[in-house]
Amino acid sequence: MGIKRIGVLTSGGDAPGMNAAVRAVLRTALYHGIECYGILRGYNGLINADVIRLDEKRVSHIINRGGTVLYTARSKEFMTEEGQKKAASTCKFLGLDGIVAIGGDGTFRGAQALSKCGVNVVCIPATIDNDICCTNYSIGFDTAANTAIDCIDKLRDTMQSHERCSVVEVMGRNAGYLAMYVGLAVGATAVLVPESPIDLQKDVVEKIRQARLNGFTHYMIVVAEGAGSASDIANQIHDALDLDPRVTVLGHIQRGGTPTARDRVNATKMGYLAVELLRAGKTNRVICTDQGGFVDIDISEGLSRQKLPLQLEADVLAAMTGI
Ligand code: F6P
């Protein structure tokens, strides 16, 4: 029997491109004559039956908007077995034949729990951190990286004029993918990430010293938030080199803004694929990038994978910095 009604939710930290994915889910559903409901505030919306009927009008002109029109949350109640059972019974009550859950690995764990309660769920990876082990691309990363790059390029103008050192903290939670990518793109003097143990003398002080010896008079240090506080690092640079670094924490600005073409197009493809998977009767699946295309894998397998270290990025950064 074909599916008649599905729900879509966004959960965890928002990411630019989530709206494009929601739009694609709705449009694909309508294309197949399936009703589509937006579940508000992530898994909380499922617990409280907080849903809205989606139609073409509701999702028109959102492909270009950051954030998520469905709102998002990190639901504490859904982490309990009771919350998960309530959410599953809402799906039954509303007659939802499947759910598309858009978010990061916390969202996937929620989807896994829901799937165990008998609900068909397909996940779409979306987080600016790009820290999901089973995919090397997640919606929002590209936009966040471009936002951070734009901000750092602006910072560089004033750092250059004043011949200063800048320490910029970028998001990424416990992962350094965003910081590494951004560091490569802005030509940072040094990049600190949580994946590698930090030797401040070698990784920062010596690189600044070498840059000065090579004639540079301003220095851009990119720090992943998981690698430590930018202020602490600035203080240590001050103590070691008698510089007076300026600290910038880019913060939540990285989570907003118009999604890039890459995020919009991938979100649209993934939204389409998610509905096709539900139509094929699949559940507990996550869509991942694979060799330039997309595949779907079991969520449990996805969550058990190890994220590969960005060895090439690390090697390239080692060659590019401190010259
Ligand atoms: O996971 C996305 C992210 O933006 C992380 O980079 C960051 O550590 C965290 O969310 C911030 O969360 P909140 O919006 O709750 O402050």
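Remember, predicted model here, so these are calculated numbers, not experimental data. (Residues numbered from 1 in each chain as written. Predicted model: local features only at pLDDT ≥ 70, side-chain atom pairs only at ≥ 80, totals over all residues. Heavy atoms only, no water.)

**Some words on the overall build of the chain**
- For the chain, the helix and strand inventory stands at 11 helices and 11 strands.
- Over its C-alpha trace the chain gives a radius of gyration of 22 Å, about what one expects of a compact globule, namely 20 Å for 323 residues.
- Counting only C-alpha atoms, the chain reaches 70 × 35 × 35 Å along its principal axes.
- Scored against the burial criterion, the 323 residues of the chain give a buried share of 52%.
- Across the chain, contacts joining residues at least 24 apart in sequence account for 74% of those joining residues at least 6 apart.
- Carbon and sulfur atoms make up 49% of the accessible area of the chain, which amounts to about 14,600 Å² in all. (Helix = DSSP H or I, 4+ residues; strand = E, 2+ residues; numbered from the N terminus. Rg over C-alpha atoms; globule rule 2.2 N^0.38 Å. Buried < 20%, exposed > 50% of the residue type's maximum accessible area, 1.4 Å probe, protein only. Contact = heavy atoms within 4.5 Å. Areas by Shrake-Rupley, 256 points an atom, 1.4 Å probe, with all protein chains shown as cover.)

**Topic: the site of the ligand**
- Inspection of the region around the ligand gives Arg 74, Ile 128, Asp 129, Met 171, Gly 172, Arg 173, Glu 225, His 252 and Arg 255 as its neighbouring residues.
- Interatomic distance of 3.4 Å between a side-chain N/O atom of Arg 173 and an oxygen atom of the ligand.
- Between His 252 and the ligand, the recorded distance is 2.9 Å, taken from a side-chain N or O atom to an oxygen atom.
- Burial of the ligand by the protein chains amounts to 75% of its free accessible area of 400 Å².
- In a pocket analysis with a 2 Å cut-off to the grid points, the ligand is assigned to the largest pocket.
- When its residues are assigned to classes, the shell around the ligand shows 2 nonpolar, 2 polar and 5 charged. (Near = heavy atom within 4 Å. Polar contact = N/O pair within 3.5 Å; in protein donor to acceptor, adjacent residues only side chain to side chain. 1 Å grid on protein atoms, 1.4 Å probe; cavity = no way out; pocket = protein on both sides within 12 Å on 5 of 7 lines; lining within 4 Å. Sits in = over half its atoms within 2 Å of the grid points. Nonpolar A, V, L, I, M, F, W, Y, C, P; charged D, E, K, R; others polar.)

**With respect to the nonpolar core**
- One finds Ile 6, Val 8, Ile 102, Ile 124 and Ile 221 to be the most contacted residues of the largest nonpolar core, which totals 74 residues.
- If one sorts the elements of this core by residue count, helix α5 (residues 141-162) sits on top with 8 residues.
- If near-sequence neighbours (up to four positions away) are discounted, Ile 102 is found in contact with Val 8, Leu 9, Thr 10, Ser 11, Met 18, Ala 21, Val 22, Thr 107, Ile 124 and Ala 126.
- Judged by nonpolar contacts, the second largest core, of 25 residues, contains Leu 9, Tyr 37, Ala 87 and Cys 134. (Core = buried A, V, L, I, M, F, W, Y, C linked by side-chain atoms within 4.5 Å.)

**Thoughts on the pattern of salt bridges**
- Evaluated as defined, the whole model comprises 15 salt bridges.
- A salt bridge links Glu 81 to Lys 85, with the nearest nitrogen and oxygen atoms 3.3 Å apart. Pair noted here: Glu 81 and Lys 85 are both in helix α3 (residues 81-94), with a separation of 4 residues, about one helical turn. There is no split in this pair, since Glu 81 and Lys 85 are both exposed.
- Salt bridges here are not isolated pairs; linked through shared partners, they connect Lys 282, Arg 285 and Asp 296. (Salt bridge = Lys/Arg side-chain N within 4 Å of Asp/Glu carboxyl O.)

**With respect to the sheet that holds strand β9 (residues 246-249)**
- As summarised here, the arrangement of the 4 strands in space is β7-β8-β6-β9, forming an open sheet in which the pairing is parallel. One side of each edge strand has no neighbouring strand; the edge strands of this open sheet are β7 (190-192) and β9. Looking at each pair of strands side by side, their axes are set apart by 15° on average, direction ignored.
- Relative to strand β8 (residues 219-224), strand β6 (residues 165-170) runs parallel, the two sharing 6 bridges. If you follow Val 167 over to β8, its bridge partner there is Ile 221. (Pairing = 2+ DSSP bridges. Axes fitted to C-alpha atoms, helices over the stretch in contact; angles between N-to-C directions.)

**Let's talk about the sheet that holds strand β11 (residues 293-298)**
- Pairing is mixed across the open sheet formed by 7 strands, whose spatial order is β3-β2-β1-β4-β5-β10-β11. Across the chains shown, the open sheet's two edge strands, defined by having one partner strand only, are β3 (51-53) and β11. Strand-to-strand twist across the sheet, computed as the mean angle between neighbouring axes with direction ignored, equals 30°.
- Alignment of strand β10 (residues 285-290) against β11, held across 6 bridges, turns out to be antiparallel. Bridged to Ile 287 within β11 is Asp 296.
- In the packing of helix α1 (residues 18-31) onto the sheet, the strands contacted are β1 (5-10), β2 (35-39), β4 (98-103) and β5 (121-125), and the crossing angle to β1 comes to about 180°.

**Section: the pairing of β4**
- Buried residues dominate β4, accounting for 6 of its 6 residues.
- Of the two faces of β4, the one carrying Gly 98, Val 100 and Ile 102 and the one carrying Ile 99, Ala 101 and Gly 103 are both buried.
- Where β1 and β4 come together, 5 bridges link them in parallel fashion. Looking at β4, one finds that Leu 9 is bridged to Ala 101.
- In this sheet, β5 lies alongside β4 in parallel orientation, the contact comprising 5 bridges. Residue pairing in the sheet places Gly 103 in a bridge with Pro 125 of β5.
- The parallel pair β4 and β5, bridged by helix α4 (residues 105-116), forms a crossover whose chirality is right-handed. (Right-handed = clockwise from strand over helix to strand, strands pointing away.)

**A closer look at the side chain of Arg 23**
- Within the secondary structure, Arg 23 sits in helix α1.
- Buried Arg 23, no salt bridge; nearest opposite-charge side chain is Glu 56, N-O distance 11 Å.
- Excluding its chain neighbours within four sequence positions, the residues that come into contact with Arg 23 are Val 59, Ile 62 and Ile 63. (Lys, Arg positive; Asp, Glu negative; His and termini not counted.)

Interpretation in functional terms is not warranted from these geometric data alone.
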